[in-house]
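Overview (structure and organization)
Each chain is listed here by its residues.
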Amino acid sequence: MRKIFSSLMVVILLTTVLAACGGNSAGTNTENTPGTGNGNKLEGKSVTLKVFIAQPRFKEQYDKLAEAFTEKVKVEKNIDLTIQLELPNSDSAPQILKTRLASNDAPDVFSLHAINEIPSFYKAGYLEDLSDQPFVATLMDNIKSAVTSDDGKVVALPLETLSWGYLYNKDIFAEHNLEVPTTLTEMKAVVDTLNAANVKPFLLSYKEAWIPQLLLPLSVGALIEAGNSDFIARMNNNEGSFSEMSEMFNIFDLINANGTDRALEIGGDDGAAKFGNGEAAMWLQGPWFAETILKSNENMNFGVAPLPINDDPNTTLINLSASTSLAVSKSSKNKEVAIDFINFIMSEEYSNELFQSLMFNPTSTVHTFESFPWVDDATVFVKEGKAYQDPAIPQVVKDEVGKGLQSYFAGQLTKEQVIDALDKAWQSFNKVNN
């Protein structure tokens, strides 16, 4: 388990040695057929590896990863490696990647969402089988299942796993003697207390559509767990409707009526800085912004809590998710190096340093670092059984709800229109995938 509304793409070329490394990518790719592991077919050659990860906020960490891996393959395999690192924002990344895959211009390594995208990408034949790779044996079982295809093949490395709901400022809550609310009515009481103290209850940051979209998995997952267990199956058969999930607007309306100004001008990074500086007590956001928050305020004391949807405490639950995962393209002409790169990410020599710098959760037995305080907060709820697995909602539906909730916030769409758009988006998905 970062972003503006443009198709801005950050491309960083990390070169290591020899002027001859650059430029001749077409000839290089023709020669660089995958190795067998019984020898180095690429020794003395120049290789360009294209890596696509939709997390631009982690540019510094991925630059360092690329540099470390580049040095390793030069020393151990005598390969002159150039890593072309592409870090698009989360709003534009899905469409960019789909276009690249469809036009036979696939990155060698690319990120995708484990729950929402692996099934369709695997079905389309885009994902290399990684089942026999060393990193697979180290994966925690419950995480391994999230990157395993229906026919039992491990097809991605789980990079980011999450226990999330919303973020809250622990110091503000303590100052005003507030407890984490377990129902919508209790949340309203928290909001009233904060308003009376002239503290903004919620930070609003809807410039990027993926942020208001977060309401959807939180609401759908909670309501499925609380009783509507066949919702996903019925939607896949065109037998359900998001009108069954209309309670999500209750909490969304409460958040919007008690939030900071200029919501459609504030994106994720700006929101993280504002939240870190105490401009609001709560933020509809996940802990994947921890590193950015702490950059703005290293003493920020924040926690993770489940979002109340209604007055049934059984629906106030933590979302457990394996999200950002790394796959190797089935069509990669540099598979040997691409697979080595994947294994390096989960290696004992480098993985702890990488995951700690990203502030991600442990996913492997090689991870020995201590978990972070906000992870421990969420774990309390998980141990109490107050959690659910992230629902398998098609990415096209998530994209639609992000735009729909932006328009709803701006007064351009009604609840009914948003629901209708979501139903149609899922129906369109079914036409292509069923």
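First things first, this report covers the structure right here in the doc. (Residues numbered from 1 in each chain as written. Predicted model: local features only at pLDDT ≥ 70, side-chain atom pairs only at ≥ 80, totals over all residues. Heavy atoms only, no water.)

A word on the side chain of Glu160
Short version of the rule: Only runs of H or I of at least four residues qualify as helices and only runs of E of at least two qualify as strands under DSSP, and these elements are numbered from the N terminus. For each residue, the accessible area found with a 1.4 Å probe, counting protein chains only, is set against the maximum for its type, and the residue is called buried under 20%, exposed over 50%, and partly exposed in between. For the purpose of counting charges, residues Lys and Arg are taken to be positive, whereas Asp and Glu are taken to be negative. His and the chain ends are not included. The term salt bridge refers to a pairing of a side-chain nitrogen on Lys or Arg with a carboxyl oxygen on Asp or Glu at a separation within 4 Å. Under the rule applied, a polar contact is a pair of N or O atoms within 3.5 Å (in protein, one hydrogen donor and one hydrogen acceptor; residues adjacent in sequence only if both atoms are side-chain atoms).
Among the structural elements, Glu160 can be located in the loop between β5 (157–158) and β6 (161–164). It is Arg57 that comes nearest to the buried, bridge-free Glu160 among opposite-charge side chains, at 4.1 Å. Polar side-chain contacts of Glu160 include one of 2.9 Å to the side chain of Gln55.

Remarks on the packing of aromatic side chains
The line we're drawing: In this analysis, rings of Phe, Tyr and Trp, with Trp reduced to its six-membered ring, are considered paired at centre separations within 6.5 Å, and the interplanar angle assigns stacked below 30 degrees, edge-to-face beyond 60, and tilted for intermediate values.
As enumerated under the stated definition, the model contains 25 aromatic pairs in all. When the ring of Trp164 is compared with that of Trp288, the centres are 5.1 Å apart and the planes differ by 65 degrees; the resulting orientation is edge-to-face. Of the two residues, Trp164 is situated in strand β6 and Trp288 in the loop between β9 (282–283) and α12 (290–296); the sequence distance between them amounts to 124 residues. Here Trp164 and Trp288 have matching classes, each one buried. Measuring from ring centre to ring centre gives 4.9 Å for Tyr168 and Phe173, while their planes differ by 50 degrees; the resulting arrangement is tilted.

Thoughts on the side chain of Ser111
Rule in force here: The contact criterion used is simple: two residues touch if any of their non-hydrogen atoms lie within 4.5 Å.
Examined against the element boundaries, Ser111 turns out to sit in strand β4 (residues 109–113). Judged by its relative accessible area of 8%, Ser111 is buried. Here the side chain of Ser111 touches Ala54 through a polar contact of 3.2 Å, landing on its backbone nitrogen. Apart from residues lying up to four places away in sequence, Ser111 is in contact with Phe52, Ile53, Ala54, Leu97, Thr324, Ser325 and Leu326.

Digging into the pairing of strand β11 (residues 318–322)
This is how the line gets drawn: Any two strands are treated as partners once DSSP identifies two or more bridges connecting them.
The buried fraction of β11 amounts to five of the five residues, a majority that puts the element mostly inside the structure. Here β11 shows no split at all, with Ile318, Leu320 and Ala322 on one side and Asn319 and Ser321 on the other all buried. The pairing of β11 with strand β13 (residues 387–389) spans three bridges and is classified as parallel. If you follow Leu320 over to β13, its bridge partner there is Gln389.

Points about empty space enclosed by the protein
Operational definition: Both site types are read off a 1 Å grid over the protein atoms alone. A 1.4 Å probe that fits but cannot get out defines a cavity, while an open set with protein on both sides within 12 Å along at least five of seven lines defines a pocket; lining residues have an atom within 4 Å of a point. Grid points are joined across faces, edges and corners, and a volume is the space filled by probe spheres set on the points. Amino acids outside the nonpolar list (Ala, Val, Leu, Ile, Met, Phe, Trp, Tyr, Cys, Pro) and the charged list (Asp, Glu, Lys, Arg) are all regarded as polar, and Gly is one of them.
The space that makes up the largest cavity amounts to roughly 50 Å³. It is β6 that contributes the most residues to the lining of the largest cavity, three residues altogether. Looking at the second largest cavity, its volume works out to about 30 Å³. The wall of the second largest cavity is formed by Ser163, Pro287, Asn361, Trp374 and Val375. Partitioned by chemical class, the residues of the lining of the second largest cavity number three nonpolar, two polar and no charged.

With respect to the sheet that holds β11
For sheets, the rule is that strands pair by backbone hydrogen bonds, running either parallel or antiparallel. Heads up, the rule is: Convention adopted: a line fitted to C-alpha atoms gives each axis, helices being fitted over their contacting stretch, and angles between N-to-C directions are expressed from 0 to 180 degrees.
Taken in spatial order, the three strands of this open sheet run β6-β11-β13, and their pairing is mixed. Edge positions in the sheet fall to β6 and β13, since each has one partner strand and no second. The average undirected angle you get between the axes of adjacent strands in this sheet is 20 degrees. In the sheet, β6 pairs with β11 via four bridges, with the strands oriented antiparallel. By the bridge assignment, Ser163 is partnered in β11 with Leu320.

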